[in-house]
Every structure is written in structure tokens, then in C-alpha cells.
Amino acid sequence: MDRWQAMRIFVKVAETESFADTARQMFMSAPAVTRAVASLEDLIGARLFVRTTRSVKMTEAGARYFDDCRRILADIAEAEAAAGGSYATPTGTLYITASVLFGQMYVLPIVTRYLDTYSTVKAKTLFVDRPVNIVDEGIDVAIRIGHLPDSGLTAIKVGTVRRVMCGSPKYFERYGVPKSPADLKDHRIAASTAAWASPEWRFADDQRVMVEPVLQCNTNEAVIHSAREGWGLTRVLHYQIGPALMAGELQIVLSEYEEPPMPIHILHPEGRHAPAKVRTFVDMASASLRENRLLN
């Protein structure tokens, strides 16, 4: 068995933590998988896995070799794709992630327009309000809101968003307009548990207010709906209420107390070696998001 195939088998065992699962997924016999890993261990002169009757775990040497193998296999795949032309012509399935509302409101229209433009590409979206490890989960492109930790990912800034307090004209007519963050204690507050885990809300100049929401909902859509109906005030990201602002259904208050805007980035892991499907989508998404007045 050639070394490239043995490395592929080793990587799959490391990912599945199972010789049997690897054999099924790669349409091989379990003994063939075992022999491939054993041949690598003989070649390297070190054990790659600690095996028990219930688990398969990488050794320290195996973990280091795993990272190298994934890089080498990615380079081989890149060379083959370049030779076959897929780095010139978008092909395959594009996997994109973003937060739920942002994805539905701003990313999905770009995805469908992209698919209309490139009929050789299919797309999958993962719109979730949780951290996503795009390398481990096989994501091609991520759109992230907020300040980014250091990483080896390519990041392209495409806009900013504000965290705002808002309510309906009907609410303000009945209950008045808060003049400072401290006034929020005298108003009815609806808060999303998906967005604001802490009861302490921060504003500019390190002002902090302890908020006791009368209404808590598990989605942003629900608290925005309650604010549009005139029930109370809520705090959301500016882009989430863009249509309601333009329609006059909601108004922003306390804008002079807002924290600095948060950046929006498009992320992808391949850098300059990104395949055509990633490069062309990133180009389209960057231009579209930068042109959006609600995001800039």
C-alpha cells in the first residue's frame, strides 16, 4: 500500500477514533486498515495510537503526525485540483455559516444569487447562534460578527454593526423616551436569552446598568416582534431591525451611549490557495455586504 493511501487511512482513524468505522467509510476490510496504520508506525518508528477494547486515541507523536498528514494531503488535493482545473472553474459544494438572523437576512440572498451565477456549484448553509469551528466542521466560508481571536484564517472586513436600544413610536408615546441608560430601570424591557446572557448591559464610557427584563424570549425575532407591537424596549444588533427601522415601526434611542460598532468579517481557511468556489463567493459576498448601508 502506498504511503499516501496509508496516510489517508491514518487520518480517518484519527477523526473517527475507530478502526471499524474507518473500514466501513473507506470500503476496506478492518485488517487492511490495521495493516496500513501498522506500516506507518513501523516506518516512523513510533506508536500513533493507544488502543483499548473500547477506544482508539492518538499518542503525542500521533497527534503531531496527524497535523502534518492533513497538511500534506491538503497540498496533494490542491495540486490535483489545480491540474484538473477546479481552481479556475467553481465546482463542488460550498458550505457557508453565519448567525441565524444575519444568515437569513443578508447571507442567504447572496448564496442564491451566487448559485444562479455558477450553475456548477451547490451550497449548504449552517445558520446557528453558536461558535463554529470552521476547520473541524468542514466549513468553506464563515461570516462573523465581533472581534476575532488570532488564528490562521484569512479574514476580510466587510462592515460593522451597532448594538442598539429600540422601541416603537407607540411605546414612546405611552411611556416616554429614556434619556440615559440609568432610565431603563423605569421601562419595560424585553430581552433575548440567546443574545444577552448577562443582566449587566454595558454602554459607552464603561457605563453599566443592571437590567431586569420583564419579558425574556429565546429568540431575537420574538423580542423584536414585541418591540414592534409597542410592548416594551429591547436591545439588539442594528442589522436585525433594518426593515423595521426603514418602515418606521421601530426607532433607536440612547444612540449617544452606544459602544463602538463591532466588525463583520468573512473568514475562510485556505488563504491564497482557496479553490474557485471559495474565491468567487468571497468576492461576491464582500462586494454585496460592503454596499449594504445598514452594515456600513
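Residues numbered from 1 in each chain as written. Predicted model: local features only at pLDDT ≥ 70, side-chain atom pairs only at ≥ 80, totals over all residues. Heavy atoms only, no water.

1. Things to note about the pattern of salt bridges
Between side chains of opposite charge, pairing is possible as soon as their charged atoms come close.
(1) Moving on: The final tally for this structure, using the stated rule, is 15 salt bridges.
(2) Moving on: Of the charged contacts, one joins D186 and K185 as a salt bridge, the two residues approaching to 3.9 Å between their closest N and O atoms. Residue D186 shares its accessibility class with K185, and that shared class is exposed.
(3) Moving on: Here the residues in one salt-bridge network are E200, R202, D206 and R208, joined through shared partners. (Salt bridge = Lys/Arg side-chain N within 4 Å of Asp/Glu carboxyl O. Buried < 20%, exposed > 50% of the residue type's maximum accessible area, 1.4 Å probe, protein only.)

2. Some words on the environment of E17
(1) Moving on: Assignment of secondary structure puts E17 in the loop between α1 (3–16) and α2 (19–25).
(2) Moving on: Taking the C-alpha atoms as reference points, E17 and R54, 37 residues apart in sequence, are found 10.0 Å from one another.
(3) Moving on: Residues within four places of E17 in sequence aside, it is in contact with V56 and K57.
(4) Moving on: At a separation of 3.1 Å, a polar atom in the side chain of E17 contacts the side chain of K57. (Helix = DSSP H or I, 4+ residues; strand = E, 2+ residues; numbered from the N terminus. Contact = heavy atoms within 4.5 Å. Polar contact = N/O pair within 3.5 Å; in protein donor to acceptor, adjacent residues only side chain to side chain.)

3. Quick look at the side chain of T234
(1) Moving on: With respect to the element layout, T234 can be found in strand β12 (residues 233–237).
(2) Moving on: Of note is the side chain of T234, whose polar atom sits 2.7 Å from the backbone oxygen of A190.
(3) Moving on: Beyond its immediate sequence surroundings of up to four residues, T234 is in contact with V164, M165, C166, A190, A191, V223 and A227.

4. A word on the sheet that holds strand β3 (residues 92–98)
(1) Moving on: A sheet is described by the order of its strands in space; here 5 strands give the open sequence β4-β3-β5-β14-β6, paired in mixed fashion. The strands lining the two open edges of the sheet, one partner per strand, are β4 (121–127) and β6 (154–161). Pairs of neighbouring strands in the sheet enclose a mean axial angle of 20°, with direction left out of account.
(2) Moving on: Of the pairings in the sheet, the one linking β3 to strand β5 (residues 141–145) comprises 2 bridges and is parallel in character. (Pairing = 2+ DSSP bridges. Axes fitted to C-alpha atoms, helices over the stretch in contact; angles between N-to-C directions.)

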